[in-house]
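Next come the chains, spelled out residue by residue.
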Amino acid sequence: MEKLQVLPNTSQNPGKFTLQGTNTYLVGSSPPYILIDTGEGRDAYTPLLEAALLSSIEKEQTQNSGSAACLISDIILTHRHQDHFGGLHDILKLLRKLHDHRGVETLHYIPPRIHKYLSPSATLPSSDAYESSFESVLSSLPASSYTPAPSGTPIHDLRDAQRFRLPHTPPTASEPSTLEVVHTPGHTPDSICLLLRRADAGVAGPHVLFSADTVLGQGTAIFEDLSAYISSLQRVLAARACASADADFSAIYPGHGPVVEDGPALIETYIKHRMDREAQIVRVLSGSPPPPKEGADSGDEPAWTIWNIVAVIYKDYPENLWLPAAHGVGLHLRKLEDDGRARCLGGEGVKQRWTFISES
Ligand SMILES: [Zn+2]
């Protein structure tokens, strides 16, 4: 029995935000695999995936272990960013082609299921760019290229804690290997991580967390909602602590960048970094705000603007970094507002005015 394996491929889209490119992962010990993410649809990616699948078929034939009705049974999309789902069309086409060339024509082709966590609609602006590009990719898929959900839609909605049983569990294992969905909003509202519980963990090492864009292999992750993001990071760590060996992952396989060997330590660093920044902002916000500039509305009570806060915290940094920093400070202030520790007094952009709510 082959060991469970994770075959990573980057989707050949290097860039400022994608680092070396988007990582996609084939999970399983032999077909049918589960594929995590599809890349953004670059031409150079499909041959890499094809080579990985072809080499697995060769092994399968030498082992004479039977043939799967499709080389990939499930495609799990970790969130709504285009560099994670844009390759769907090409991959579905490739799977059909490989099936037709495998000499198993007698085996009825069962196309893969496509899964994604439903984007909470309340969080989406009406003309959400990500969602409309996702919809246009879905509408480009031939109906015969995927196995639809029972409702007839192309996407099978993921649930938190949903588990995918991986085939080919070693006969000695008491439990099957599974991939468990962990809803981790923050980077986007629909972001998930996937916890791979290995039935062969005893010989192959501890469990693995696929973190998508919630934790990156290098650099810092970006997020839309800091409160949700920190809660998600804490939840991933807490699940690990409470569930003891059951969820005791070590390595993180991120959506971008290299594998992180000590994943929990990196998550703790992420949380600490954010908490340190928050403490810095609280220190500034709880002090007296600078006097209003001449010409300011004299009716306004004195308050800190985002720009004033940035000017204090980033005073030693070049001013061209202040604007991106202001975005981060704004997200921190929203979190402090969620926590009942700050209040927005109005204003737009970097001129937004904030006040501290001291603990009584
Ligand atoms: Zn992303």
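As annotated in an unreviewed UniProt entry, the chain is Metallo-beta-lactamase domain-containing protein from Phellinidium pouzarii. For the record of the chain, the UniProt heading Sequence similarities (unreviewed entry) holds the text "Belongs to the metallo-beta-lactamase superfamily. Glyoxalase II family."

Asks: When you look at the coordination of the zinc ion in this model, what are you seeing that I'm missing?
Replies: Between any two of four tetrahedral donors, the ideal angle at the metal is 109.5 degrees; between two of six octahedral donors, it is 90 or 180 degrees. For the zinc ion, every protein donor is listed as His79 (NE2), His81 (ND1), His187 (NE2) and Asp213 (OD), and the spread of their distances is 2.1 to 2.2 Å. Metal-centred angles of 92 to 158° between the 4 donor atoms at the zinc ion mark the site as irregular. All donors of the zinc ion belong to a single chain; written as a sequence motif, their spacing is H-x1-H-x105-H-x25-D. A residue pair is termed long-range when its members are at least 10 positions apart, and His187 in the loop between strand S8 (178–183) and strand S9 (192–197) and Asp213 in the loop between strand S10 (207–212) and helix H6 (226–242) qualify at 26 residues. Pair check on accessibility: His187 and Asp213 agree, each one buried.

Asks: Would you explain the environment of Gly349 in this entry?
Replies: For Gly349, the position within the fold is in the loop between strand S13 (342–346) and strand S14 (353–356). As for Gly349 and Ile306, which are separated by 43 residues in sequence, their C-alpha atoms are 7.9 Å apart.

Asks: Would you mind showing me how to read the sheet that holds strand S12 (residues 304–305) here?
Replies: Strand pairs in the sheet, formed through backbone hydrogen bonds, run parallel or antiparallel to each other. Within the open sheet, the 3 strands sit side by side as S12-S14-S13. Their pairing is antiparallel. Every other strand in the sheet has two partners, leaving S12 and S13 as the edge strands with one partner each. Relative to S14, S13 runs antiparallel, the two being bridged by 4 bridges. The residue bridging Gly346 from the neighbouring strand is Arg353, located in S14. In the packing of helix H7 (residues 263–285) onto the sheet, the strands contacted are S12, S13 and S14, and the crossing angle to S14 comes to about 90°.

Asks: I'm lost on the nonpolar core in this one. Help?
Replies: The nonpolar side chains of soluble globular proteins are, as a tendency, buried together. Counting residues in each nonpolar core, the largest one holds 28 residues, and the members touching the most others are Leu53 and Leu88. Within the residue set of this core, elements represented by two or more residues are strand S3 (33–36), helix H1 (45–63), strand S4 (72–77), helix H3 (88–100) and helix H4 (129–139). A total of 6 residues in this core trace back to one element, the largest contributor, which is H3. If we skip the residues at most four places from it in the chain, Leu88 touches Thr38, Ile75, Leu77, Ile114, Val137, Leu138 and Leu141.

What counts, and where the lines are drawn
- Residues numbered from 1 in each chain as written.
- Predicted model: local features only at pLDDT ≥ 70, side-chain atom pairs only at ≥ 80, totals over all residues.
- Heavy atoms only, no water.
- UniProt positions renumbered as here; feature names shortened; annotations may be inferred.
- Donors = N, O, S within 2.8 Å, 3.2 Å for Na, K, Ca; no water.
- Tetrahedral: all angles 85-135°; square planar, octahedral: opposite > 155°, others 65-115°.
- Helix = DSSP H or I, 4+ residues; strand = E, 2+ residues; numbered from the N terminus.
- Buried < 20%, exposed > 50% of the residue type's maximum accessible area, 1.4 Å probe, protein only.
- Pairing = 2+ DSSP bridges.
- Contact = heavy atoms within 4.5 Å.
- Axes fitted to C-alpha atoms, helices over the stretch in contact; angles between N-to-C directions.
- Core = buried A, V, L, I, M, F, W, Y, C linked by side-chain atoms within 4.5 Å.

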